[in-house]
Amino acid sequence: MTALSLGNTGIGAAQSAAPAAAVTCGEGNDVTTVYPPGWHGDGSGNVSGVSWRTGDGSQTVIVSIYRVVAWGPDEEVTRVTGRNDGARLQPTLKWPAHGKYYTESSRPFGDCASQVVDI
């Protein structure tokens, strides 16, 4: 399994490939930044995705990690909720099955999804 760095989020470890880039959606005072899931670097078996959404705190934000499946809609494997107040939201899995995963953050006019990565 490959450990991925999530940039300056404090999560990540040694990596065998270039870190997956963040995806940013929105503009002005409503910007969402989403990082794909990556292994924690502490040997715990935890995998987390990360999302930030700026704003005035008036909207609920749902951040989920999805597993890509060959049939039907992708499988939501975990989620966290918060507000659009700039706080980091970090859904976490423990020892997920091998596969392709991505992080997605809810937005009023379309969701913001990260790149798909192999876990």
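Just so it is clear, the model here is predicted, and its values are computed rather than measured.

Draft legend 1. Representation of the overall build of the protein chain within the structure. Within the protein chain, the secondary structure is distributed over 0 helices and 10 strands. Element order for the protein chain, N to C, with α for helix and β for strand: β-β-β-β-β-β-β-β-β-β. The buried share of the protein chain, taken over its 119 residues, is 42%. In the protein chain, once contacts between residues fewer than 6 apart in sequence are set aside, the share between residues at least 24 apart is 55%. For the protein chain, the accessible area works out to roughly 6,100 Å², and carbon and sulfur atoms hold 51% of it.

Draft legend 2. Quick peek at the environment of alanine 20. Looking at where alanine 20 falls in the secondary structure, it is placed in the segment before strand E1 (23–27). Since its relative accessible area comes to 13%, alanine 20 is described here as buried. When the C-alpha positions of alanine 20 and tyrosine 35 are compared, they lie 7.5 Å apart, and in sequence the two are 15 residues distant.

Draft legend 3. Seen up close, the state of the cysteines. Scanning all chains against the criterion turns up 1 disulfide. Note that cysteine 25 is cross-linked by a disulfide to cysteine 112, the S-S spacing being 2.1 Å. Here the S-S torsion is close to 75 degrees, and the disulfide linking cysteine 25 with cysteine 112 is therefore right-handed. Of this pair, cysteine 25 sits in strand E1 while cysteine 112 sits in strand E9 (residues 112–113); the two residues are 87 residues apart in sequence, bridging distant segments of the chain. With respect to burial, cysteine 25 and cysteine 112 carry one shared label: buried.

Draft legend 4. Inspection of the pattern of salt bridges at higher detail. With the rule as written, the count across this model stands at 5 salt bridges. One salt-bridge network, held together by shared partners, links Asp30, Arg53 and Arg107.

Draft legend 5. Representation of the pairing of strand E4 (residues 60–67). In this sheet, strand E5 (residues 75–83) lies alongside E4 in antiparallel orientation, the contact comprising 8 bridges. Paired with valine 61 across the bridge in E5 is glycine 82. Examined bridge by bridge, E4 and strand E8 (residues 100–105) share 5 bridges and lie antiparallel to one another. Counterpart to arginine 67 in the pairing with E8 is tyrosine 101.

Draft legend 6. Highlighting the confidence of the model for the protein chain. Confidence in the prediction for the protein chain averages 83 pLDDT; 84% of positions are at 70 or higher. Ranking the elements of the protein chain by mean pLDDT puts E1 last with 90 and E8 first with 96. Note that pLDDT drops below 50 for residues 1–17; the model gives that stretch 41 contacts with residues more than four away or on any other chain.

Draft legend 7. Region of the structure containing the packing of aromatic side chains. Tallied over the full model, the rule gives 3 aromatic pairs. With a centroid separation of 5.4 Å and an interplanar angle of 15 degrees, the aromatic rings of tyrosine 66 and tyrosine 102 are classed as stacked. Taken together, the residues tyrosine 66 in strand E4 and tyrosine 102 in strand E8 connect sequence positions 36 residues apart. Judged by relative accessible area, tyrosine 102 falls into the buried class, the value being 11%.

Scoring rules and cut-offs
- Residues numbered from 1 in each chain as written.
- Predicted model: local features only at pLDDT ≥ 70, side-chain atom pairs only at ≥ 80, totals over all residues.
- Heavy atoms only, no water.
- Helix = DSSP H or I, 4+ residues; strand = E, 2+ residues; numbered from the N terminus.
- Buried < 20%, exposed > 50% of the residue type's maximum accessible area, 1.4 Å probe, protein only.
- Contact = heavy atoms within 4.5 Å.
- Areas by Shrake-Rupley, 256 points an atom, 1.4 Å probe, with all protein chains shown as cover.
- Disulfide = S-S within 2.5 Å.
- Salt bridge = Lys/Arg side-chain N within 4 Å of Asp/Glu carboxyl O.
- Pairing = 2+ DSSP bridges.
- pLDDT = per-residue confidence, 0-100.
- Phe/Tyr/Trp six-rings, centres within 6.5 Å; stacked < 30°, edge-to-face > 60°.

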